[in-house]
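Commentary on secondary and tertiary structure
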Amino acid sequence: MDVATLVAQAREGKPRAVARLISLVEDASPKLREVMAALAPLAGNAYVIGLTGSPGVGKSTSTTALVGAFRALGRRVGVLAVDPSSPFSGGALLGDRVRMQDHATDPGVYIRSMASRGHLGGLAWSTPQALRVLDAAGCDVVIVETVGVGQSEVEIASMADSTVVLLAPGMGDGIQAAKAGILEIGDLYVVNKADRDGAATTARELGHMLSLGEARGPGDWRPPIVKTVASRGEGVDDVVEALEKHRAWMEGSGELTRRRQRRVADEVEAIAVTALRARIGDLRGGRRLDALALRVLAGDLDPYAAADELVAGVASSAGRAGWPQAPAGLD
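The following refers to the structure shown. Once a new chain begins, its residue numbering starts again from 1 and follows that chain's sequence as written. Only residues with pLDDT of 70 or above have their local features reported here, since the model is predicted, and side-chain atom pairs are shown and tallied only from 80 upward, although totals for entire chains, interfaces and linings are computed over all residues. Water and hydrogen atoms play no part in the side-chain values, which are based on all heavy atoms of the structure.

A closer look at unusual backbone geometry
For residues other than glycine, phi is negative in most cases, and the peptide bonds are mostly trans. Of note in the backbone geometry, Ala 28 takes a positive phi value of approximately 50° without being a glycine. Secondary structure counts use DSSP, requiring at least four H or I residues in a row for a helix and at least two E residues in a row for a strand, with both numbered from the N terminus. Note on placement: Ala 28 falls in the loop between α2 (15-26) and α3 (32-39). Residue classification places Ala 28 among the partly exposed positions, given a relative accessible area of 45%. Although it is not a glycine, Lys 193 sits at a positive phi angle of roughly 55°. Each residue is assigned to one of three classes by its accessible area relative to the maximum for its type, calculated with a 1.4 Å probe on protein chains only: buried under 20%, partly exposed between the two thresholds, exposed over 50%.

Let's talk about the packing of aromatic side chains
When the centres of two rings from Phe, Tyr and Trp lie within 6.5 Å, Trp using its six-membered ring, the rings pair. Their planes under 30 degrees apart give stacked, over 60 give edge-to-face, and anything left gives tilted. This structure, assessed with the given rule, holds one aromatic pair. For the ring pair Trp 221 and Trp 249, a centre distance of 6.1 Å and an interplane angle of 40° mean the geometry is tilted. A residue pair is termed long-range when its members are at least 10 positions apart, and Trp 221 in the loop between α8 (199-211) and β7 (225-227) and Trp 249 in helix α9 (residues 236-253) qualify at 28 residues. Using a relative accessible area of 24% as the deciding quantity, one classes Trp 249 as partly exposed.

Considering the side chain of Glu 255
The residue Glu 255 is located in helix α10 (residues 255-285) in this model. Residue Glu 255 is classed as buried on the basis of its relative accessible area, which comes to 13%. The contact criterion used throughout is that any non-hydrogen atoms of two residues lie within 4.5 Å. If near-sequence neighbours (up to four positions away) are discounted, Glu 255 is found in contact with Trp 249, Met 250 and Arg 262.

Side note on the packing of α2 against α3
Where α2 contacts α3, the two axes come as close as 9 Å, and the packing angle between them is 130°. With respect to α3, the element α2 is oriented oblique. Crossing geometry of α2 relative to α3 is assigned as left-handed. Packed against α2, whose contacting residues are Leu 21, Leu 24 and Val 25, the element α3 presents Leu 32, Val 35 and Met 36 at the interface. Partitioning the contact of α2 with α3 into residue classes produces six nonpolar, no polar and no charged. Each axis is a line fitted through C-alpha atoms, taken for helices only over the stretch in contact, and angles between the N-to-C directions span 0 to 180 degrees. Each angle is binned into one of four classes, with values under 35 degrees roughly parallel, values over 145 roughly antiparallel, values of 65 to 115 roughly perpendicular, and all other values oblique. Put simply, a crossing is left-handed when the front helix is turned counterclockwise from the back one by less than a right angle, and right-handed when it is turned clockwise. Each residue receives one of three labels: charged for Asp, Glu, Lys and Arg, nonpolar for Ala, Val, Leu, Ile, Met, Phe, Trp, Tyr, Cys and Pro, and polar for the others, Gly being one of them.

Some points on the pattern of salt bridges
Between side chains of opposite charge, a pair can form as their charged atoms come close. Take a side-chain nitrogen of Lys or Arg and a carboxyl oxygen of Asp or Glu: if they are within 4 Å of each other, that pair is a salt bridge. Evaluation of the coordinates by the stated rule reveals 16 salt bridges. Here Arg 112 ties to Glu 26 by a salt bridge, and the two come within 2.7 Å at their closest N and O atoms. Remark: Glu 26 occurs in helix α2 and Arg 112 occurs in strand β3 (residues 109-115); sequence separation between them is 86 residues. You'll find Arg 112 and Glu 26 in the same group, each marked buried.

What about the pairing of strand β2 (residues 77-83)?
Within β2, seven of the seven residues are buried, which leaves the element mostly enclosed by the surrounding structure. A pair of strands is treated as paired once DSSP finds two or more bridges between them. Relative to strand β4 (residues 141-145), β2 runs parallel, the two sharing five bridges. Note on β4: the bridge partner recorded for Val 79 is Ile 143.

Set out below in structure tokens:
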């Protein structure tokens with residue numbers, strides 16, 4: 001099926017067309033450029049929510065509850081659930097799809113499980129393009145659920161309009177709450193499993209640590225802390241209300257546009273870097289990189305001078321391939 005037909009069917013809400021487009025993205029198909037060109041004028045409307053937290057805090061259950069709450073408001077919802085890939089076999093269980101069976105037959109919900117394929121930061125390398133597919137397919141809300149790798153899982157903050165950080169009682173003490181990383185990226189903090197002992201303490205410690213964070217002005221957003229029991233749907237409406245308030249604040253302050261601009265800039269940069277790495281790989285095949293390495297090993301060149309020569313070779317190769325000039329800062 002041609003790309004134009006796939007895009008048209010995806011706009012009509014046909015899940016097979018959406019699935020096929022995301023598969024083209026994940027497989028880095030030769031048609032990927034054509035797909036992105038067709039989707040570009042159609043995307044940019046979905047509200048992207050990132051949901052992250054350590055394993056066991058209830059991310060999939062919370063995602064399911066949020067989907068139900070947004071569907072009750074009449075929103076079309078897309079879900080990108082990233083699962084870790086095995087470093088040995090390369091496979092992934094994709095268990096999030098198993099946990100979200102409540103919405104499997106809802107035509108207003110599209111759920112896609114994605115393997116991280118070794119990509120660090122809690123997401124898959126193809127997540128930005130897959131997000132654009134769901135956006136262009138007419139989803140009002142797209143929830144991106146990360147792998148759940150711990151405190152270094154901060155990439156989602158650069159990809160979402162609003163980032164929700166989940167915690168749960170018994171997942172660590174006040175020292176855990178003080179650690180840098182994942183607890184510095186949230187626009188909303190959710191203490192899930194609030195029916196367990198220690199939920200109030202967890203929320204109190206979290207609030208204390210947030211109060212010691214960066215100074216905020218009178219008009220700045222102050223991340224709220226919401227307690228939920230996602231398995232029973234308790235507190236989920238409060239989460240949605242907090243998200244709507246955050247979205248309204250971003251729209252009023254211009255932060256939404258700034259975040260989306262940074263997101264697209266990061267995506268463009270990643271594509272450019274990938275292209276440059278591919279050209280460096282071509283140079284490795286041509287023995288240029290190996291020759292430079294031998295000169296550094298022999299002491300004839302320092303690593304920086306060798307890198308300059310390598311970049312010059314990449315720029316020359318790019319010019320022969322039709323690139324207008326070397327990327328800024330590389331010459």
